[in-house]
Amino acid sequence: MDHAAAAERFVADAARTTWHDASLWMVREKRDRAAASVAEWEALRDLASAIKAHTLSRLDEYLVLFERRATARGIRVHWARDAEEHNAIVHGILAARGARHLVKSKSMLTEECGLNGYLVARGVEVTDTDLGERIVQLRGEPPSHIVMPAIHLKKEEIGATFHEQLGTPAGESDPDALTVAARVHLRERFLFADAALTGVNFAIAETGGIVVCTNEGNADLGTALAPVHIASMGIEKLVPRAADLGIFLRLLARSATGQASTVYTSHMHAPRDGQELHVVLVDNGRSAQLGRAEFWGSLKCIRCAACINTCPVYRRSGGYSYGSTVPGPIGAVLTPGADLRQYAALPFASTLCGSCTAVCPVKVDLDAQLYAWRQVVARAGLLSPARGWFMRQLGAMLARPRALQLAGRISRALLRVVPRHVTRHLTGAWGRTRVLPEAPRESFREWYRANRRGEG
Ligand code: SF4
C-alpha cells in the first residue's frame, strides 16, 4: 500500500481536492463550535478517556458480564475470532431462517470483515440503508470516510449514479430530489427484508443492552420491521455502566458532525415480541492491539471521525489513498497492526501536527502512536533503502551539534548559489510545490550569540 502514490491520483483533480478539503474543514469548524458550547468539555474528555482505559484494562470481565446480562434478556450472543468467523456466523443465522434479503445500517466493522461480498456470493441480497453507504454501494465502491461515506463525491456524480441505477431523470442533481428517490427505493427494501443488521456504537456490560446512533433512522426502520436483528460489534465498544453512556453520547455527535446529539439514539435491551436479536462480538485483531504497550490506547476510539476531518493529509488525499477500511490518523494507527508490511506507509501519512490528538474526544494520543509506529516500521527494516539511509545520516548528524552547525553553514552557503531547479529536484515531491525562503547569512544560534547573549 503506497499512500503517497494513491494520494497523487486524488490530488491530480485539483478542484476535487479543494472542495474535499473545504467540506471537511467546515465539519471540523462545526465540531469546534459545538465543543466550545459545552463548558465542561475538557472534563468530559478526561472522564471518557478514563472510562475507556478502565474498561480496556478489564475487558475480559466486562465482556463476560455483557454476555451474561444480554443472554438473560433473551439476546443471543456469538463470539467471532476474526472476519471469517463473523461472516460465517451472520450467514449461519440468515441461512437457518431462509433469509435472502438483508438490510444493513452503517457498520464499518462489516466493511472491515468484507461481509457484503461474502453474503452476496452465497445468494443473500444486501442493501446498505444509510444514504451515503447506499450511494457508494450502488457505485461498487467502499466508503471513503467512516461517518460520511460518500464525502468524496459531487452531487452531479451521485445524480449520474442514481440515473443509471434507480432511473432518476438524466441530469438530476438536486439533493432533495435525489434523497426522495433514495427513500422510495429503500422503503421497498425495508418492507421486504428478512433480516436487519446494524452496527453498535456502545454496548453496556451492566445491562446487556446495545445502543445504535444514526441520523437517518434507517437502523430503527430496519430492526422494527424485520423478524431478525443481527448487531455486529467490535469487542472494544463496551462501556461498563448505563450511567457512563451520557458522557459518550455528549461527545460523539458533537465531535462527529457538530450536532448536539445524533437524530436517533436507539437503546435495544431485548428482542421485541416475535423477533430474534443476535449480537456478534468480534475480535479480528483487537486483542492483539490491546496487547501492544504503545498502541492499546487506540481501542478507546468511538469512531467519531473528528481526527479524520481535521487531518490536513486526509483532507487533501482522500479516504481511498489509505487502502484501509478506516482512513485518516486513527486508521493509520489501527491498520499497521493487522499487516505491518502491507501498511508500513500509513504511519508516514501524517505531518505529526497533533491536530488529531487535540480534537479526539477520548484522548487517543494519535500523533504519539503514529510516531511510535514509524519506529516499529524502521526497526522491522521496512523503510525504503533511500529513506533508511537518509534517516541514519540525519540521526547521526543531529546527535552531533558540531556536525549540525557545519552542515547548516554549508547548506546556507550552497542555497545562495545553487539554482532553484536543482534544489527543487533534490527536495523531491515536497520541494516541487514549495518555494524555499532565501537562506539567511547566519544561523539562529550565531545571531543569538551576537545579539542576545547574557540577556535575561
Ligand atoms: S481516534 Fe478519537 S477523534 Fe479519531 S475517530 Fe476515534 S474517537 Fe474520534
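A short tour of the structure in this document, coming up. Quick caveat, the model's predicted, so the values are computed rather than measured.

Here the focus is the pattern of salt bridges. Under the defined criterion, the tally for this structure stands at 23 salt bridges. Arginine 16 is the salt-bridge partner of aspartate 13, the closest N and O atoms lying 3.5 Å from each other. Aspartate 46 serves as the salt-bridge partner of lysine 363, at 2.7 Å between the closest nitrogen and oxygen. Placement of lysine 363 in the loop between helix 17 (355-359) and helix 18 (366-379) and of aspartate 46 in helix 3 (residues 41-57) is noted, with a sequence separation of 317 residues between them. For aspartate 46, a relative accessible area of 42% corresponds to the partly exposed category. A single salt-bridge network, built from bridges that share partners, covers Glu112, Glu236, Arg286 and Arg303.

Moving on to the sheet that holds strand 1 (residues 76-80). Read from one edge to the other, the open sheet built from 6 strands follows the order 1-10-7-4-2-3, with strand pairing classed as parallel. A strand with exactly one partner marks an edge of an open sheet, and here the two such strands are strand 1 and strand 3 (125-128). Neighbouring strand axes in the sheet, compared pairwise and without regard to direction, differ in orientation by 20 degrees on average. Alignment of strand 2 (residues 101-104) against strand 4 (residues 195-198), held across 3 bridges, turns out to be parallel. Across the sheet, the residue bridging to leucine 102 is alanine 195, located in strand 4. Helix 5 (residues 83-96) rests against strand 1, strand 2, strand 4, strand 7 (228-234) and strand 10 (276-282) of the sheet, and its axis sits at about 145 degrees to strand 1. Lying on the sheet, helix 11 (residues 218-225) is in contact with strand 2, strand 4 and strand 7; it crosses strand 4 at an angle near 145 degrees.

Quick look at unusual backbone geometry now. You will see that asparagine 284, though not glycine, has its phi angle at about 45 degrees, which is positive. Looking at where asparagine 284 falls in the secondary structure, it is placed in the loop between strand 10 and helix 13 (286-290). Although it is not a glycine, lysine 363 adopts a positive phi angle of roughly 60 degrees.

Here the focus is a positive patch on the surface. Residues Arg402, Arg445, Arg449 and Arg453 make up a contiguous surface patch of positive charge. Its location among the elements puts arginine 449 in helix 23 (residues 444-451). For arginine 449, a relative accessible area of 45% gives the class partly exposed.

Criteria and cut-off values
- Residues numbered from 1 in each chain as written.
- Predicted model: local features only at pLDDT ≥ 70, side-chain atom pairs only at ≥ 80, totals over all residues.
- Heavy atoms only, no water.
- Salt bridge = Lys/Arg side-chain N within 4 Å of Asp/Glu carboxyl O.
- Helix = DSSP H or I, 4+ residues; strand = E, 2+ residues; numbered from the N terminus.
- Buried < 20%, exposed > 50% of the residue type's maximum accessible area, 1.4 Å probe, protein only.
- Pairing = 2+ DSSP bridges.
- Axes fitted to C-alpha atoms, helices over the stretch in contact; angles between N-to-C directions.
- Contact = heavy atoms within 4.5 Å.
- Patch = residues over 30% accessible without salt bridge, like charges linked within 9 Å, V, L, I, M, F, W, Y side chains within 5 Å.
- Areas by Shrake-Rupley, 256 points an atom, 1.4 Å probe, with all protein chains shown as cover.
- Lys, Arg positive; Asp, Glu negative; His and termini not counted.
- Charge placed at Lys NZ, Arg CZ, Asp CG, Glu CD.

By themselves, these figures tell us nothing about what the structure is for.
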